[in-house]
Amino acid sequence: MKDRIPFVDYIRVVACFMVMLVHASENFYGADSSGLAGNMSMLANESNRFWVAFWDGGVSRTAVPLFMIVSAFLLVPMRDGQTMTQFYRRRFKRILPPFICFMLLYTFLPLAWGGMTWEQSMADLKLLPFNFPSMAGHLWFMYPLISLYLIIPVVSPWLEKSTAKEELIFISIFAFTTLTPWLHRFVSPELWGECFWNQYSLFWYCSGYLGYLVLAHYIRVHLKWSQKRRITTGLLCFLIGATFTAWSFWWKGVPGNLIETPALEWSWEFCTPNVLLATFGLFVVFSAINQPKAPALVTSLSKLSFGMYLMHLFFLAPIASALIAGNPASPLLPVSLCIPVIALLTFVCCAITTKLISLIPGSKYIVG
């Protein structure tokens, strides 16, 4: 798409910062020294409990689905006359080289400062064809994004012909499937045909990020709300969803108790009703931006956002370590400020670094 959509540029910048807020927050409830939430979590005090719930759950939990909706909003349906092969070639040429580049960087670069052992590096290298490196957990996002790209040529013909009612039927089914994580946790670990020999349950093909893809198309083509309604209804949806998301963490996160991270983050999965509601609301609010052109800084940061996302853990870890100084219960700044300051410093460092790299010939293969 040659013409830029201003509100999409705003979303990319804000969502990129949200990702950094999420990972800055993890330093205040992860139970190990890595700085990121592992299998076990522990909150040091009530302040950490509240501010992690606020910044990570309430403010930032919509970051990933916002990126998914943006991709679908721009790419679905495919352009007239574009073949599946042409679509794949264009999309994967854009994202795969930087993705592979940073997979290798996260596999080997930490060796330079003793951040990992040679044995760990070699183990990561052997697994690269199958999954992300151990020090690059944020790269999990690339796999469902690639999956969306793979399915877009399949669903595009239907979306070109579908009515608003037909899309709402699918979106309603998708919305119901977002209850699955809760049902797995509170009702049964196996639902609707799931068993040890079958993971493809009743709603498998109507669930996951495909729902966000269809939602993006519905908003773009069929949602005819006025600017005022987009803002008021969108804000209400975001506040309801975000408040529940924050509360769900606060409810489980009793300070001093060692708890399994999935139990603590029981309502933080990106395909849950609360995150879906908050994401829809925030996207609709942004869509109310009625500017012919975004400010130059916003446009520039939007173009850099992919590279910033790929590299941000390289900066976030040392910045967090310096500000926390080994004591998440009492960092150098109050936790209410420390989390956004870590994210902001990381954001600035990534923006500058990505911009400098973008000036190098062939940089699109490094930072997109």
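Given the structure is predicted, the values throughout are model-derived calculations rather than measurements.

> Describe in detail the overall build of the protein chain, supporting the description with residues and values.
Check the secondary structure of the protein chain and you find 15 helices and two strands. Relative to the compact-globule value of 21 Å for 368 residues, the protein chain shows a C-alpha radius of gyration of 21 Å, a close match. On the principal axes, the C-alpha backbone points of the protein chain span a range of 55 × 55 × 50 Å. Put simply, the protein chain has 368 residues, and 49% of those count as buried. Considering only contacts in the protein chain between residues 6 or more positions apart, those separated by 24 or more positions represent 79%. As displayed, the protein chain offers around 17,800 Å² of accessible surface, 66% of which is attributable to carbon and sulfur atoms. Side chains of the protein chain carry 25 positive and 17 negative charges; the gap between the two charge centres is 14 Å.

> Report on the pattern of salt bridges, specifying residues and quantitative values.
Tallied over the full model, the rule gives three salt bridges. Salt-bridge contacts for Arg49 lead to Glu46; the nearest nitrogen and oxygen are separated by 3.1 Å. In this pair, Arg49 and Glu46 are both assigned in helix H2 (residues 46–59), three residues apart and thus about one turn of the helix distant. For Asp56, the salt bridge is made with Arg61, and the minimal N-O distance between the two is 2.3 Å. Note on accessibility: Asp56 and Arg61 belong to one class, buried.

> Tell me about the packing of aromatic side chains, and name the residues and values.
In this structure the tally under the stated criterion is 41 aromatic pairs. Measuring from centroid to centroid gives 5.8 Å for Phe17 and Phe347, while their planes differ by 85 degrees, and the two rings are edge-to-face. Of this pair, Phe17 sits in helix H1 (residues 6–25) while Phe347 sits in helix H14 (residues 335–358), placing them 330 residues apart in sequence. Within the aromatic cluster, the residues linked to one another by ring pairs are Phe67, Trp140, Phe141, Phe270, Phe306 and Tyr309. The ring of Trp250 carries the charged tip of Arg49 above its face, separated from the ring centre by 4.0 Å. The ring of Trp251 carries the charged tip of Lys252 above its face, separated from the ring centre by 4.8 Å.

> So what's going on with the nonpolar core? Residues and values would help.
Judged by nonpolar contacts, the single largest core of 108 residues is most densely connected at Leu139, Met142, Tyr212, Leu213, Phe283, Met308 and Ile342. Setting aside anything within four residues of it in sequence, one finds Leu139 in contact with Phe99, Met103, Tyr106, Phe132, Pro133, Tyr309 and Leu310.

> Go over the packing of helix H4 (residues 84–108) against helix H5 (residues 118–127), please, and point to the residues and values.
Between H4 and H5, the shortest axis-to-axis distance is 8 Å and the interhelical angle comes to 155 degrees. With respect to each other, H4 and H5 are oriented roughly antiparallel. Where H4 approaches H5, its residues Leu104, Thr107 and Phe108 are matched on the opposing element by Ser121, Met122, Asp124 and Leu125. Looking at the contact of H4 with H5 residue by residue, the classes come out as four nonpolar, two polar and one charged.

> Can you lay out unusual backbone geometry for me, pointing to particular residues and giving the numbers?
In this chain, Val76 is followed by Pro77 through a cis amide linkage whose omega measures -10 degrees. Mapped onto the secondary structure, Pro77 falls in the loop between helix H3 (63–75) and H4. Of note in the backbone geometry, Trp192 takes a positive phi value of approximately 50 degrees without being a glycine. Of the residues examined, Trp192 reaches a relative accessible area of 34% and is grouped as partly exposed. One non-glycine residue with positive phi stands out, namely Ala325, at about 55 degrees. Residue position: Ala325 is located in the loop between helix H13 (296–324) and H14.

> Give a detailed account of a nonpolar patch on the surface, specifying residues and quantitative values.
Where nonpolar side chains cluster on the molecular surface, the patch consists of Phe50, Phe54, Trp247, Trp250 and Trp251 and spans about 500 Å² of accessible area. Contributing elements (two or more residues each) for the nonpolar patch: H2 and helix H10 (227–252). Here Phe50 shows up in helix H2.

Definitions and cut-offs
- Residues numbered from 1 in each chain as written.
- Predicted model: local features only at pLDDT ≥ 70, side-chain atom pairs only at ≥ 80, totals over all residues.
- Heavy atoms only, no water.
- Helix = DSSP H or I, 4+ residues; strand = E, 2+ residues; numbered from the N terminus.
- Rg over C-alpha atoms; globule rule 2.2 N^0.38 Å.
- Buried < 20%, exposed > 50% of the residue type's maximum accessible area, 1.4 Å probe, protein only.
- Contact = heavy atoms within 4.5 Å.
- Areas by Shrake-Rupley, 256 points an atom, 1.4 Å probe, with all protein chains shown as cover.
- Lys, Arg positive; Asp, Glu negative; His and termini not counted.
- Charge placed at Lys NZ, Arg CZ, Asp CG, Glu CD.
- Salt bridge = Lys/Arg side-chain N within 4 Å of Asp/Glu carboxyl O.
- Phe/Tyr/Trp six-rings, centres within 6.5 Å; stacked < 30°, edge-to-face > 60°.
- Lys NZ or Arg CZ within 6 Å of the ring centre and 35° of its normal.
- Core = buried A, V, L, I, M, F, W, Y, C linked by side-chain atoms within 4.5 Å.
- Axes fitted to C-alpha atoms, helices over the stretch in contact; angles between N-to-C directions.
- Parallel < 35°, antiparallel > 145°, perpendicular 65-115°, else oblique.
- Nonpolar A, V, L, I, M, F, W, Y, C, P; charged D, E, K, R; others polar.
- Patch = residues over 30% accessible without salt bridge, like charges linked within 9 Å, V, L, I, M, F, W, Y side chains within 5 Å.

The values reported here are purely geometric and, on their own, carry no functional implication.
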